[in-house]
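Fold and geometry: a report
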Amino acid sequence: MIRILKFTFLILVSVILQNSIIANISIFGSKSSLPLVLTVSIALLKGSFQGEIVGFFSGFLCDLSSGGPFIGIQSFSLTLIGFSVGLMRSRFYSESVVTQSIAIFSATLFEKLISLLILNALLTGFSSPKVRILGLIFTAFINSLLTIIIFRVLAKTLKDPTN
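Residues numbered from 1 in each chain as written. Predicted model: local features only at pLDDT ≥ 70, side-chain atom pairs only at ≥ 80, totals over all residues. Heavy atoms only, no water.

**Some words on the nonpolar core**
Inside soluble globular proteins, nonpolar side chains tend to come together where they are buried. The biggest cluster of nonpolar side chains holds 26 residues, and the ones touching the most others in it are Leu36, Leu38, Val40, Ile42, Val85 and Leu154. For this core, the secondary structure elements donating two or more residues are α1 (2–20), α2 (34–46), α3 (48–66), α4 (73–89), α5 (97–122) and α6 (133–157). Counting residues per element, this core draws most heavily on α2, at nine residues. Beyond its immediate chain neighbours, meaning those up to four positions away, Val85 contacts Val40, Ala43, Leu44 and Ala103. (Core = buried A, V, L, I, M, F, W, Y, C linked by side-chain atoms within 4.5 Å. Buried < 20%, exposed > 50% of the residue type's maximum accessible area, 1.4 Å probe, protein only. Helix = DSSP H or I, 4+ residues; strand = E, 2+ residues; numbered from the N terminus. Contact = heavy atoms within 4.5 Å.)

And the structure:
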């Protein structure tokens, strides 16, 4: 029960911060994604099930708060990323900064790709925006730095008292 409350609090805080502060900060035309960072960090710490649950609910809240016509794009992509990164947890040393950086860097690229593919499929007249490679790489780099910090905080916060 305590874990559910902690996850709920973390999801709400990440979505509120994303929509109030981070949404107003643009770096080379791209914006960092705190719910993505939270999803990857939880998946690396707790595994695929918790990663996909956090990914779904944080993505769903982002979809609801965006006011866009399509609800489910963020929740689908973050659920898929949470599951995939959680599967990676058992194969790699998740406490490694290199593993965390590679996971969030690839997850950032994957999230943008999923969003573009879904929007292309849903909208027949959708012309794909010019990909800003520099902004995308810089966003992935910023997400990597955020993940290293948030992972450490979550590792201490979500530590199981029975161990």
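What follows continues from the structure just given.
**With respect to α1**
For α1, which comprises 19 residues, the first-to-last C-alpha distance of 27 Å matches the rise-based estimate of 27 Å (1.5 Å per residue) to within 8%. Within α1 the residues assigned to the buried category are Phe7, Leu10, Ile11, Ser14, Val15 and Gln18. End-on view of α1: buried residues confined to an arc of 125°, all on one side of the axis. Exposed and oriented more than 90 degrees from the buried face of α1 are Ile2, Leu5, Phe9 and Ile16. Turning to α1, the residues buried within the fold contact α2, α3 and α6. (Expected span 1.5 Å × (residues − 1). Arc of directions from axis to C-beta.)

**Description of the packing of aromatic side chains**
Any pair of aromatic rings gets described here by the distance separating the centres and the angle formed by the planes. Evaluation of the coordinates by the stated rule reveals two aromatic pairs. For the pair Phe56 and Phe57, a centre-to-centre distance of 5.1 Å together with 80° between the ring planes defines the contact as edge-to-face. By relative accessible area, Phe56 is classed as partly exposed at 34%. Of the residues examined, Phe57 reaches a relative accessible area of 43% and is grouped as partly exposed. Among the aromatic residues, those joined into a cluster by ring pairs are Phe56, Phe57 and Phe60. (Phe/Tyr/Trp six-rings, centres within 6.5 Å; stacked < 30°, edge-to-face > 60°.)

All quantities given are derived from atomic positions and should not be read as evidence of function.
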